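Architecture at a glance
Residues per chain are reported as follows:
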Amino acid sequence: MLAPSGPAAAGQVSLWHHYLGAIRSRAAPRVQDYQRAENVLLTVLERVHALDARFVVDYSRDLEAFQFALRSSDGPLRVEVPLRVDAEALLIEEPGPAEPGGGPPTCRLGVPREGAGLERWTSDDVFSACAEDGAGCRGHIEPGKVLRVLRDLLVAAIVHCKHHSLIAPGSLSAASLREEPLCLTLLVSSGWRTVRFSLVPVVRRRQRLPALEGAQLTPGFPAGSVARIIGHGVDLVPASTQLWRTSTDYLLTRLLAALGALQGHRLDSLSVLDRVNHESWRDGGRRAGLTFSHLKTVLLWACVLFPAPEDWAELQGAVYRLLVVLLSCLATRNLPHFLHPELNLLQDGGLDLNAVYQRVEAFASQPEASLRIHATHLGRSPPPRIGGGVKALLQLPASDPAYWATAYFDVLLDKFQVFNIQDKDRISAMQSIFRKTKTLGGEES
């Protein structure tokens, strides 16, 4: 993990950039594959809208293409299907306060007894009437019913599009449509690649998000970008068959895209780690492990922690900034959601966090073993550059999160020559933020 010096340094830098160059060379073909698959999906969704105008086609999918190009993994791509309903006219009924660390607040969407324009949403296929005559609303729009209607519409739309040759033969089959608990999964063939879409019905709603309004999140992002993103509002998506919850996925993707306007290797560092995670830590996707969403959150926190342009000027240093934040989160078993810091993204994920920590630490110690495009790219890797003392420091938190106190972090940073002295204060600031969140056991971190 120590920065190399002398003649080896130039070779090390070229290795990192060679690896990044290989990732970039695949970005354009990936975007083309995505766009072809997206065109098929949009054709089907246009037919869904023609069959039932309550479902709207969202053509602003440029952020998904951008995010798909950053990734090496081929996990499901979320596609939101907006509902044509005035959310301001609905009654937002919160069943009760959210449990600490239990997820975003949930609610029910009630249709008021008075008011026009909501008749389409009181039909039995999406609506459940209230049993009490004195209730303040006629009943509720249930996400479980909405998903079933959308599933039937998709099947009918796919059959229609294939029958009328609106989509290429073999690009899509109704048999690939699967009903998941909170979404619908659809496989679309795009050349030699199959793209997996997760379709989610959403209710667009303007709602304040206090975490985004905090000044502590703005220094690491382009001027004015956070304020503009706030104006979009927060969507509601299914949380169960009867409840809806707030979703910040679109906001997080927009924040990620805003980083692309800055000079440096912020997004490059995410692409590098995502490929290493997919190919090495997850053995080509055959092993459970971190997701792109986890790594995206690590980058967003790292940008708050390291806001200066010089922090991201050099590729290796940029990657190691993400690694230190990631190691901290794995050691404390707590990766706070970027916009809801009280939520732990490592909770209930079914991951062996100790095993994941060891893989990340091994990469930090000897990255050459994973920075290979193919088996013949490099010869034998040089020995690990972490001495026994530094390696011991890295391994301590895996068994005792208390070691990730600020003082411990200061000692660790003294060993990492890819950092500068000002980073200590930023690490302390991050630890201050993380100490306010909950760990897996419900205790303060």
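Notes on the structure in this doc start here. Source: prediction; values computed, not measured. (Residues numbered from 1 in each chain as written. Predicted model: local features only at pLDDT ≥ 70, side-chain atom pairs only at ≥ 80, totals over all residues. Heavy atoms only, no water.)

Quick notes on the side chain of Lys296
Worth spelling out the cut-off: Here a helix means four or more residues in a row that DSSP labels H or I, a strand means two or more in a row labelled E, and each is numbered from the N terminus. Buried means the residue's accessible area, taken with a 1.4 Å probe over protein chains only, is under 20% of the maximum for its type, while exposed means over 50%, and partly exposed covers the values in between. Positive charges come from Lys and Arg alone, negative charges from Asp and Glu alone, with His and the N- and C-terminal ends not counted. Think of a salt bridge as a Lys or Arg side-chain nitrogen and an Asp or Glu carboxyl oxygen that are within 4 Å of each other. Any two residues having at least one pair of non-hydrogen atoms within 4.5 Å are treated as being in contact.
Residue placement: Lys296 occurs in helix α8 (residues 292–305). Buried and unpaired, Lys296 has Asp249 as its nearest opposite-charge partner, separated by 6.3 Å. Excluding residues within four positions of it along the chain, Lys296 makes contact with Gln67, Leu252, Thr253, Leu256 and Leu270.

Some words on the pairing of strand β3 (residues 106–112)
Test applied: For two strands to pair, DSSP has to find at least two bridges joining them.
Buried residues dominate β3, accounting for 5 of its 7 residues. Across 3 bridges, the pairing between strand β2 (residues 91–93) and β3 is antiparallel. For Leu91, the partnering residue across the bridge sits in β3 and is Gly110. Bridging between β3 and strand β5 (residues 137–141) involves 4 bridges; their strand directions are antiparallel. From the neighbouring strand, Gly110 faces β5, where its bridge partner is His140.

Looking at the side chain of Ser190
What counts here: Side-chain atoms alone can form a polar contact between residues adjacent in sequence; in general such a contact is a pair of N or O atoms within 3.5 Å, and within protein one must be able to donate a hydrogen while the other accepts it.
Residue placement: Ser190 occurs in strand β7 (residues 184–190). A distance of 2.6 Å separates a polar side-chain atom of Ser190 from the backbone oxygen of Asp33. With residues near it in sequence (within four places) discarded, Ser190 still touches Gln32, Asp33, Arg36 and Ala37.

With respect to the layout of surface pockets
Heads up, the condition is: The method works on a 1 Å grid over the protein atoms by themselves. A cavity is a set of points holding a 1.4 Å probe that cannot get out, a pocket is an open set with protein on both sides within 12 Å along at least five of seven lines, and residues with an atom within 4 Å of a point line them. Grid points are joined across faces, edges and corners, and a volume is the space filled by probe spheres set on the points.
The calculated volume of the second largest pocket comes to roughly 250 Å³. As for the second largest pocket, its lining consists of 13 residues, and the residues nearest its centre are Arg26, Arg30, Ser72, Arg193 and Arg275. Of all the elements, helix α1 (residues 7–51) adds the most residues to the lining of the second largest pocket, at 4 residues.

A closer look at unusual backbone geometry
Phi is positive for Ser165, which is not a glycine, with a value near 55°. Within the secondary structure layout, Ser165 lies in the loop between α3 (143–163) and β6 (178–179). Note on Ser165: relative accessible area 62%, which makes it exposed. The phi torsion at Asp283 lies on the positive side, around 55°, for a residue other than glycine. Checked against the element boundaries, Asp283 lands in the loop between α7 (266–281) and α8. On the basis of relative accessibility, which here comes to 36%, the residue Asp283 falls in the partly exposed class.

Shape descriptors only; they carry no functional weight alone.
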